[in-house]
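Each chain, written out:
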Amino acid sequence: MPELPEVEVSRLGISPHIEGHQIRHVNVRDSRLRWPVPETVKEVEGQTLLNVKRRAKYLLLETHAGTLILHLGMSGKLRVVPVETPFYKHDHISIEFDDGQSLRLNDPRRFGALLFTKEQPDVHDLLKHLGPEPLTDAFHADYLFEQSRKRTQPVKTFLMDNRVVVGVGNIYANEALFKAGINPKRAAGKISKQRYEKLVPIIKDTLAQAIEQGGTTLRDFTQVDGAPGYFAQKLQVYGRGGKLCMVCSQRLKEIRLGQRSTVYCTTCQR
């Protein structure tokens with residue numbers, strides 16, 4: 001599933017091509033996504049697309065009439081192509097603009113979504129319970145420490161709870177905890193404020209580096225494949241279970257936490 005950096009790079013990739021253009025037509029070729037695509041998405045037809053924003057992993061396409069809420073799900077990808085471009089298999093949505101371009105959502109597994117709201121997106125049921133964005137000032141060590149008190153769950157699953165903070169997915173939780181030297185199994189409520197003060201900037205830096213990496217390797221969303229993928233980073237622990245730690249040469253351990261693969265170093269992470 002695309003994580004926050006991949007979704008942010010998708011936003012950066014499509015925005016220059018579609019912002020400021022009038023939406024001529026929303027072509028719903030198949031409405032059977034994670035939730036049925038409502039007829040109300042067509043209320044943006046004739047409207048100018050003002051902004052493409054992101055909240056957590058949701059892309060928000062804002063117009064004066066309301067906002068389209070778009071989610072890539074597990075397999076979704078976006079590309080901007082001329083309207084006359086033949087459709088690919090699994091091209092379920094095509095948003096067509098006044099300059100002859102269209103934004104296509106391709107989603108083989110159908111866990112993506114396209115919804116519409118006339119209200120402020122932050123009060124929508126999908127968004128109103130979300131925690132702060134990790135790259136903003138609202139996410140800081142004092143906040144994370146306070147949220148963690150009396151929590152017995154492992155710190156890794158705590159960080160991946162979107163009600164606590166959005167967008168710290170499995171890959172980046174693994175990597176940040178390794179860099180901070182924190183054992184992912186430790187109870188969130190047992191971790192000191194000093195250790196959260198070390199962890200928070202590491203989370204921010206890890207995500208920012210991933211976005212920067214994506215921005216240099218995936219600039220062009222007008223080509224045939226707009227899939228965000230995972231960027232060619234030098235991951236230190238994720239996906240390296242059983243291999244040697246890059247710091248101490250201890251063999252990395254792989255376990256399951258919250259039904260997700262978790263890799264860590266028993267020597268470096270305490």
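Residues numbered from 1 in each chain as written. Predicted model: local features only at pLDDT ≥ 70, side-chain atom pairs only at ≥ 80, totals over all residues. Heavy atoms only, no water.

## Brief notes about the overall build of the chain
Counted only if it meets this: Helix and strand labels come from DSSP, where a helix needs a run of H or I of at least four residues and a strand needs a run of E of at least two; each type is numbered from the N terminus. Atoms counted for the radius of gyration: C-alpha only. Globule rule: 2.2 Å times the number of residues to the power 0.38. With a 1.4 Å probe rolled over the protein chains alone, any residue whose accessible area is under 20% of its type maximum counts as buried; one over 50% counts as exposed, and the rest are partly exposed. Any pair of residues with heavy atoms lying within 4.5 Å of one another is described as a contacting pair. Using a 1.4 Å probe, the Shrake-Rupley method yields the accessible areas, and only the shown protein chains count as cover for residues. Charge assignment in this entry is limited to Lys and Arg as positive and Asp and Glu as negative, and neither His nor the chain termini are counted. For charged residues, the charge sits on one atom: NZ in Lys, CZ in Arg, CG in Asp, CD in Glu.
For the chain, the count of helices and strands is five helices and ten strands. Against the compact-globule benchmark of 18 Å for 270 residues, the chain has a radius of gyration of 20 Å, which places it among compact chains. A principal-axis box enclosing the C-alpha atoms of the chain has dimensions of 60 × 35 × 30 Å. Taken over 270 residues, the chain has a buried fraction of 50%. Look at the contacts in the chain between residues 6 or more apart in sequence, and 65% of them connect residues 24 or more apart. If you sum the accessible surface of the chain, you get close to 12600 Å²; carbon and sulfur atoms cover 48% of it. Of the charged side chains in the chain, 40 are positive and 30 negative; the average position of the first set lies 12 Å away from that of the second.

## Thoughts on the sheet that holds strand 5 (residues 77–82)
The condition is simple: Two strands pair under a simple rule: DSSP has to find at least two bridges between them. Lines are fitted to the C-alpha atoms to define the axes, a helix being fitted only along its stretch in contact, and any angle between axes, read from their N-to-C directions, falls within 0 to 180 degrees.
Strands sit in the order 1-6-7-5 across an open sheet of four strands; the sheet is antiparallel. The two strands at the open ends of the sheet, each matched to only one other strand, are strand 1 (23–28) and strand 5. The average undirected angle you get between the axes of adjacent strands in this sheet is 20°. As paired elements, strand 6 (residues 91–97) and strand 7 (residues 101–106) share five bridges and run antiparallel to each other. Paired with I93 across the strands is L105, a residue of strand 7.

## Focus: the confidence of the model for the chain
For any part of a model where pLDDT is low, the fine detail of the predicted coordinates should not be relied upon. Heads up, the condition is: By definition, pLDDT measures how confident the predictor is in each residue, and it falls between 0 and 100.
Confidence in the prediction for the chain averages 92 pLDDT; 93% of positions are at 70 or higher. Within the model, the stretch residues 216–220 combines pLDDT values under 50 with seven contacts to residues more than four positions away or in other chains.

## Some points on the sheet that holds strand 4 (residues 67–71)
Spatially, the four strands line up as an open sheet ordered 2-3-4-8, and their pairing is antiparallel. Of all the strands in the sheet, the pair left with one neighbour each is strand 2 (51–55) and strand 8 (113–117). Going across the sheet, the axis of each strand differs from the next one's by a mean of 25°, ignoring polarity. Pairing geometry for strand 3 (residues 58–62) and strand 4, over five bridges, is antiparallel. Looking at the pairing, L59 lines up with L70 of strand 4.

## Focus on helix 4 (residues 170–180)
Counting buried positions along helix 4 gives ten out of eleven residues, so the element sits mostly inside the fold. Of the positions making up helix 4, those classed as buried are N170, I171, Y172, A173, N174, E175, A176, L177, F178 and A180.

## Remarks on the packing of aromatic side chains
Applied cut-off: Pairing of aromatic rings covers Phe, Tyr and Trp, the last counted by its six-membered ring, and requires centre-to-centre distances within 6.5 Å; plane angles under 30 degrees mean stacked, over 60 mean edge-to-face, and any other angle means tilted.
Applying the stated criterion across every chain yields a total of two aromatic pairs. Consider the rings of F145 and Y196, whose centres lie 6.5 Å apart with planes at 65°: the pair is edge-to-face. Taken as a pair, F145 in helix 2 (residues 141–148) and Y196 in helix 5 (residues 193–217) lie far apart in primary sequence, 51 residues in all. With a relative accessible area of 0%, Y196 lands in the buried category. Ring-pair connections join several aromatic residues into one group, and the members of that group are F145, F158 and Y196.

## So, the pattern of salt bridges
As a reminder of what qualifies: Every case where a carboxyl oxygen of Asp or Glu lies within 4 Å of a side-chain nitrogen of Lys or Arg is listed as a salt bridge.
Tallying each qualifying case throughout the model produces 14 salt bridges. For E43, the salt bridge is made with K118, and the minimal N-O distance between the two is 3.3 Å. Linking E43 in the loop between strand 1 and strand 2 with K118 in the loop between strand 8 and helix 2, this pair joins segments that are 75 residues apart in sequence. Of the residues examined, E43 reaches a relative accessible area of 33% and is grouped as partly exposed. Here K118 falls in the exposed class, since its relative accessible area comes to 60%.

## Re the nonpolar core
The cut-off we apply is this: Residue types Ala, Val, Leu, Ile, Met, Phe, Trp, Tyr and Cys, when buried and joined through side-chain atoms within 4.5 Å, form a set referred to as a nonpolar core.
Judged by nonpolar contacts, the single largest core of 26 residues is most densely connected at L144, V155, F158, L159, Y196, L199 and I203. Looking at this core, the elements that each hand over two or more residues are helix 2, helix 3 (155–159), helix 4 and helix 5. Those residues in contact with L199 that lie beyond four places of it in its chain are L144, L159, A176, L177, A180 and I182. Among the nonpolar cores identified, the runner-up in size contains 25 residues, and L61, L68, V80 and L103 belong to it.

## Comments concerning the environment of P201
Within the element layout of this structure, P201 appears in helix 5. C-alpha of P201 to C-alpha of D30: the two residues are 171 residues apart in sequence and 42 Å apart in space.

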